[in-house]
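Examination of the molecular architecture
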Amino acid sequence: MIIGRKIHINGIVQGVGFRPFVYSQAKKYAITGWVKNSSAGVEIVANGHDVAVDTFIESIKIQAPPLSKIDEFDIQVISADNFEDFSIILSEAVEGEFVAISPDVAICDDCLKELYDPHDRRFRYPFINCTNCGPRFTIIKDIPYDRPLTTMAPFKMCARCQAEYDNPLDRRFHAQPVACPDCGPKIWFESKELKGQVFESEDGLRAARKYIREGKIITVKGLGGFHLACDATNIHAVGELRTRKKRSDKPFALMVLDVDTAQKFCKVSESERSLLLSRTRPIVILDRKSGVDLPDAIAPNVKTLGIMLPYTPLHYLLLESENGFPEILVMTSGNMSEEPIAYTNVSAKSELGKLADGFLLNNRDIETRLDDSVVAELDDSIYFYRRSRGYAPQPVMFKQTMSQILAVGAELKNTFCLTKEKYAFLSHHIGDLQNLETFSSFEESIPHYEHLFKVSPVAIACDMHPDYLSTRYAAERSCSQNLELIPIQHHHAHLASVLADNEWESDEPVIGLCFDGTGYGLDGEIWGGEVLLGGYAQFERKLHLAYMPLPGGDAATRHPNKVAAAYLWKNGIGWETDLPAINSIVSEERDILLTQLQKNLNCPKTSSMGRLFDAVAGLIGLRTHVNYEAQAAIELENAIDITVKDAYKFAVYDGQIHFAQLLNDLIQDLRKNEPAGTIAAKFHNAIRILALEICDVLSAETGCKIVALSGGVWQNRFLVRNVNNDLKRNGYQVLNHKLSPANDGGIALGQALAANYMLKG
Ligand code: ZN
Ligand code: ZN
Ligand code: FE
């Protein structure tokens, strides 16, 4: 019997080879009808014998192309028509509807094979791609995703590329970035030294590699922006890059050709291996092998390295192994410290002119700048530190329908989020909004996302901090467009974000251990060591770290020695100069500090867990001042001697957590010349015990056995791994971040979900 079916598929189904795939399946099962892209997904009309149609439909579900992601699959019975054949027909736009956009994807194995095949017409072509790989989000200007609406528009396809593009059975059928050496983008190399002389294609590549081999620093234009690259084994090159970049201590990312090479420098577990090899190709934080000979300046005072594998054909060519060419390169984002990554040829030459000796450029424009994503492995799955290239703008999906809301996120590590229907579109990493250029990119990216995903917000969610630039943006916009403004407390947003990450759909309260640096509290104080009981719509602050004064406010976060001094003062412990933290503050400054504390001058109160870590790092003498955010805590984690199982003691009373005894015992250890590794371990173990104990107290009171861990402190891998284990061993269900970072990069997602539930309530 001949039957007819109309099928509607939603999800990531455009620009990923879906239609040719459907076409080939239709041919295989002798189906007639058509397939087309609509702005709302993919539509199929299929006629054929009943068994064949069923098999055809099953095969679409099961064998869908690797980059596609089916969210909805809708089948309608229609009457059979008289189609003679199966065809792919032209796209049409549906008002108000949207399709998900694929993130950028690393070069696929088929393209890689062609890249290295001397008989292929794209042999060594740096922009080779197909429907299964290549740039996506970074080149999209508008939807539907069609070549004229991408930065590939200026390149007119040659006859051969056009033929591949038009052939439904070709791997490049409707691959929008399709190109070849005859018709596509080109690379070239230039430098000041070359005085206007330009090397193109292979010559350009050779020149770039020569510069690297000679220990020079070059810029390389990648998918979402420029990298600064140099020989990671060359101590002078790395040192020079650090000086020029004014990036005092923050670790540099590295790139190697393959996992084997990564293993020469780092331990790589099975799950870390799959993270390295995943099509998203993030920077993976790995434990460094001991005795590895790399310049200290790559990642000062830390035992980890951030390594990624090549993700563009150009990277593969650039890193090609050759005698005398380094097997590991620094590939750090092309920017001055704290500025957003450069992404146009003009800005690369002007802004990075002082940082680089040469420029490996190309003429394919980048529409949206995207940093590399940074991840680590946690319990065999992915744990984000920065979510950007390869992941954005893939939405988080829920079962319930949501209102159209814009959540503007926090001020540091900003991301924003839009909700619509069942989706939450969490933006790529925008950065620290205090930087003017980053703020402009925030202001430009929001309308770009709203346009692409057809969201017109009815409300804006923001942090409660009145001075966050994101909050100000939200306030102004809500005023001018008459939208409801929904402020969400910072740690409540953290809690909501980890719930959202776990696709949590209920509003039952859970225990939230929200441990981070800084967040504006309901009482106007600086919160940060918060034990909450709550869900999306509401929360209760059950416990928090006892308040301590923060002399000079936010500025104190750069001086762990002063935070340590303030902690001692607050706990009635004398400032003896045999303590490294006290000794490192000159006596005049110490007097000023004391007056400040005694008279309570510019000493906001904080319950921050991050500051406790700073204080301990300061006391041990690991850090007197920090050069990048959370540096003291990161180095404290790195100092841990894991063989030490003892822990310091703390006290919980009156709804607060107190550390007088911890500080006294720690000072005693210092005076006994206990190694920093021992003290760091005993401190971390204390926080482990603290986490478990407070959960026991709260679950005894409420019966709740579900614990959510969010906030920047949970980026501490020692802590999160051990607390996870401790809690699970004691019968708790632990919710960790899975799709967004535990730090403020996840705040927007939490704000968006919290606001949605509040609107419903
Ligand atoms: Zn490919
Ligand atoms: Zn061509
Ligand atoms: Fe935070």
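Attention in this report is confined to the structure presented alongside it. (Residues numbered from 1 in each chain as written. Chains lettered and ligands numbered in written order. Predicted model: local features only at pLDDT ≥ 70, side-chain atom pairs only at ≥ 80, totals over all residues. Heavy atoms only, no water.)

Regarding unusual backbone geometry
- Across the junction of Ala-392 and Pro-393, the peptide omega takes the value 0°, indicating a cis bond.
- Relative to the assigned elements, Pro-393 resides in the loop between β16 (381–386) and β17 (396–407).
- The phi angle at Arg-281 is positive, at roughly 45°, despite the residue not being glycine.
- Take Arg-281: it is sitting in the loop between α8 (270–277) and β11 (283–287).
- Under the relative-accessibility criterion, Arg-281 is labelled buried at 8%.
- If you check the backbone angles, Lys-413 has positive phi at about 50° while not being a glycine.
- Residue placement: Lys-413 occurs in the loop between β17 and β18 (417–426). (Helix = DSSP H or I, 4+ residues; strand = E, 2+ residues; numbered from the N terminus. Buried < 20%, exposed > 50% of the residue type's maximum accessible area, 1.4 Å probe, protein only.)

Things to note about the pattern of salt bridges
- Applying the stated criterion across every chain yields a total of 43 salt bridges.
- Between Asp-669 and Lys-682 there is a salt bridge, with the nearest N and O atoms lying 2.8 Å from each other. Residue Asp-669 is found in helix α19 (residues 660–671), and its partner Lys-682 is found in helix α20 (residues 676–702); the two are separated by 13 residues along the sequence. Each member of the pair Asp-669 and Lys-682 is classed as buried.
- Among the ionic contacts, a cluster of salt bridges with common partners joins Asp-110, Glu-114, Arg-171 and Arg-172. (Salt bridge = Lys/Arg side-chain N within 4 Å of Asp/Glu carboxyl O.)

Concerning the coordination of the zinc ion (ligand 2)
- The protein atoms that coordinate the zinc ion (ligand 2) are Cys-158 (SG), Cys-161 (SG), Cys-180 (SG) and Cys-183 (SG), at distances spanning 2.2 to 2.3 Å.
- If you list the donors of the zinc ion (ligand 2) from N- to C-terminus, the spacing comes out as C-x2-C-x18-C-x2-C.
- Residue classification places Cys-161 among the buried positions, given a relative accessible area of 0%. (Donors = N, O, S within 2.8 Å, 3.2 Å for Na, K, Ca; no water.)

Overview of the coordination of the zinc ion (ligand 1)
- Binding of the zinc ion (ligand 1) to the protein goes through Cys-108 (SG), Cys-111 (SG), Cys-130 (SG) and Cys-133 (SG), at separations of 2.3 Å.
- Each of the 4 donor atoms around the zinc ion (ligand 1) contributes to a set of angles spanning 103 to 121°, which defines the coordination as tetrahedral.
- Along the chain, the residues that donate to the zinc ion (ligand 1) are spaced as C-x2-C-x18-C-x2-C.
- For Cys-130, a relative accessible area of 0% corresponds to the buried category.
- Cys-133 gets classed as buried once you look at its relative accessible area, which sits at 0%. (Tetrahedral: all angles 85-135°; square planar, octahedral: opposite > 155°, others 65-115°.)

Notes on the sheet that holds strand β12 (residues 304–308)
- Spatially, the 11 strands line up as an open sheet ordered β7-β6-β14-β8-β9-β13-β10-β12-β11-β15-β16, and their pairing is mixed. Since the sheet does not close on itself, it has two edges, and those belong to β7 (199–200) and β16, each with one partner.
- Taken strand by strand, helix α21 (residues 717–729) contacts β11, β12, β15 (374–378) and β16, and its axis lies near 35° from that of β15. (Pairing = 2+ DSSP bridges. Contact = heavy atoms within 4.5 Å. Axes fitted to C-alpha atoms, helices over the stretch in contact; angles between N-to-C directions.)

Quick notes on the environment of Gly-761
- Counting through the fold element by element, Gly-761 comes out in the segment after α22 (747–760).
- You can call Gly-761 exposed: its relative accessible area is 94%.
- For Gly-761 and Ala-537, which are 224 residues apart along the polypeptide, the C-alpha to C-alpha distance reads 7.6 Å.

Regarding the sheet that holds β18
- Here we have 4 strands laid out as an open sheet, ordered β18-β17-β19-β20, and mixed in their pairing. Either end of the sheet is taken by a strand with one partner, and the two such strands are β18 and β20 (484–488). The sheet shows a mean angle of 55° between the axes of neighbouring strands, taken without regard to direction.
- Sheet topology note: the β17/β18 ladder contains 6 bridges and is antiparallel. By the bridge assignment, Leu-406 is partnered in β18 with Leu-418.
- Against the sheet, α22 engages β17, β18, β19 (459–463) and β20, with an angle of about 95° to β17.

What about the packing of helix α11 (residues 436–452) against helix α12 (residues 469–480)?
- Between α11 and α12, whose axes approach to 11 Å, the crossing angle comes to 50°. Considering their axes alone, α11 and α12 lie oblique with respect to each other. Two packed elements cross with a definite hand, and for α11 against α12 that hand is right-handed. Seen from α11, the contacting residues are Phe-439, Phe-442, Glu-443, Ile-446 and Glu-450; seen from α12, they are Leu-469, Ser-470, Tyr-473 and Arg-477. (Parallel < 35°, antiparallel > 145°, perpendicular 65-115°, else oblique. Left-handed = near helix turned anticlockwise from the far one by under 90°.)

Quick word on the packing of aromatic side chains
- Applying the stated rule across the entire model yields 18 aromatic pairs.
- When the ring of Phe-425 is compared with that of Phe-453, the centres are 4.0 Å apart and the planes differ by 15°; the resulting orientation is stacked. Linking Phe-425 in strand β18 with Phe-453 in the loop between α11 and β19, this pair joins segments that are 28 residues apart in sequence.
- In this structure Phe-425 comes out as buried when scored by relative accessible area, which is 0%.
- For Phe-453, a relative accessible area of 0% corresponds to the buried category.
- Cluster of aromatic residues (ring-pair linked, three or more members): Phe-137, Phe-416, Tyr-423, Phe-425, Phe-439, Phe-442, Tyr-449, Phe-453 and Tyr-473.
- For Lys-61, the ring lying beneath its charged end belongs to Phe-73, and the centroid distance is 4.9 Å. (Phe/Tyr/Trp six-rings, centres within 6.5 Å; stacked < 30°, edge-to-face > 60°. Lys NZ or Arg CZ within 6 Å of the ring centre and 35° of its normal.)

So, the nonpolar core
- Counting residues in hydrophobic clusters, the biggest one holds 188 residues, and the most contacted among them are Leu-318, Leu-513, Trp-714 and Leu-753.
- For this core, the element with the most residues is α20, which contributes 12 residues.
- Apart from residues no more than four positions distant in its own chain, Leu-513 is found in contact with Glu-530, Val-531, Ala-691, Ile-694, Cys-695, Val-707, Ala-708, Leu-709, Ser-710 and Trp-714.
- In terms of nonpolar packing, the next biggest core, distinct from the first, is built from 42 residues, Leu-241, Leu-276, Ile-298 and Phe-384 among them. (Core = buried A, V, L, I, M, F, W, Y, C linked by side-chain atoms within 4.5 Å.)

A short note on the side chain of Asp-231
- Summarising the element assignment, Asp-231 is placed in strand β9 (residues 226–231).
- Put simply, Asp-231 is tucked away with no salt bridge, and the nearest opposite charge, on Arg-213, sits 8.6 Å away.
- Within the structure, Asp-231 has its side chain in polar contact with the side chain of Thr-233 (distance 2.5 Å).
- When near neighbours in sequence (up to four residues on either side) are disregarded, Asp-231 contacts Ile-212, Ala-237, Val-238, Pro-326, Ile-328 and Leu-329. (Lys, Arg positive; Asp, Glu negative; His and termini not counted. Polar contact = N/O pair within 3.5 Å; in protein donor to acceptor, adjacent residues only side chain to side chain.)

Limitation: the analysis is restricted to geometry and does not speak to function.
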